Amino acid sequence: GNSLGSSVAANPWSFTTQAIASATATGPVSAIPTNVGSITTTYTTSGATPTSVNLYYTTNGGTTWTLAGNDATVDGSFGWIIPSAGTYHWLASAVGGGSTEPSPPAGGTPPEAGPYIYDNVRPAVSSVVPNNGATGVFPSQNIVITFSEPINTASFSFGTTFTISPNPGGLSVAWSGGNTIATVTHTAFTYSTSYSCTLNTGILDSAGNAMLADYSWSFTTHAAASATATGPIGGPSNVAGVTITYT
């Protein structure tokens, strides 16, 4: 029951409460297009332990946000399947633990992680030159193939994913248009000859998606030049200066 005496120095102390819970998205990140749509969204937390974490994605740089899911395990990872092709960015929001992070984030909130470029669209042939069924093609005409999206140029291989019959020889390819246009040069075609070309499903886009089906077309080269004399015609004549005609 004794009280502190006046000669005893005061003994104050202080303490600080735990920081409020917060969460920050860290991935996945892939600046190179990929066709992997089953992903793991990762995040870190700090401060108090949240009761769960909401994971959000945007495909427009943060203008709008969509909930991917809620992770009640709070283990730093959340698996889900990307719904459609696009360029994705991520944001994590802690729930509970005193968190003041908004769920959902306000439109215009900057992403915390990304980009992750998801491409599950198969490439297709947009056009070919010479076109299918073309006639009168000159022997020096290059073959030009335009694809619907950038192609993995390593997947374009003569005799494997691109064939031409009969093979004129001297085949070489040059790419342009961001790897969407393949220009095939060759030894001169033979006159009056039908050629058939095929691109098969081994052709891949830059994300690894294959063409849905083979693409084939054919064309015929110009007829070889010929000449036929048509005159003059007549019996014996003393006219030495004549005009020879031909077609």
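Just so you know, the residues in each chain are numbered from 1, in the order the chain's sequence is written. Whole-chain, interface and lining totals are the exception, using all residues; otherwise, since this is a predicted model, local features are given only for residues with pLDDT of at least 70 and side-chain atom pairs are given and counted only at 80 or more. Computation of side-chain values: all heavy atoms of the structure, hydrogens and water removed.

Caption draft 1: Quick look at the side chain of T180. One can find T180 in the loop between β13 (172-176) and β14 (181-185). Residue burial is assigned from relative accessible area. The probe radius is 1.4 Å, only protein chains are included, and a residue is buried under 20% of its type maximum, exposed over 50%, and partly exposed in between. With a relative accessible area of 15%, T180 lands in the buried category. Whether two residues are in contact is decided by their heavy atoms: any pair within 4.5 Å suffices. Beyond its immediate stretch of four places on either side in the chain, T180 contacts I145, T146, F147, E149 and P150. In DSSP terms, a helix is any run of H or I states spanning at least four residues, a strand is any run of E spanning at least two, and both are numbered starting from the N terminus.

Caption draft 2: The arrangement of the sheet that holds β14 in detail. Read across the sheet, 4 strands follow the order β9-β11-β14-β13 without closing on themselves; strand pairing throughout is antiparallel. Every other strand in the sheet has two partners, leaving β9 (125-129) and β13 as the edge strands with one partner each. If you compare each strand with its neighbour and ignore which way they point, the axes differ by 15° on average. Any two strands with at least two DSSP-identified bridges between them are counted as paired. Sheet analysis places β13 next to β14, joined by 5 bridges and oriented antiparallel. Paired with S172 across the two strands is T185, which belongs to β14. Comment: axis = line fitted to C-alpha atoms, over the contacting stretch for helices; angle = value between 0 and 180 degrees taken between N-to-C directions.

Caption draft 3: Spatial organisation of the environment of V173. Looking at the element boundaries, V173 is found in strand β13. A relative accessible area of 26% places V173 in the partly exposed class. Discounting residues that sit within four places of it in the chain, V173 has contacts with F156, F158, A182, T183 and V184.

Any link to function would need more than the numbers given here.
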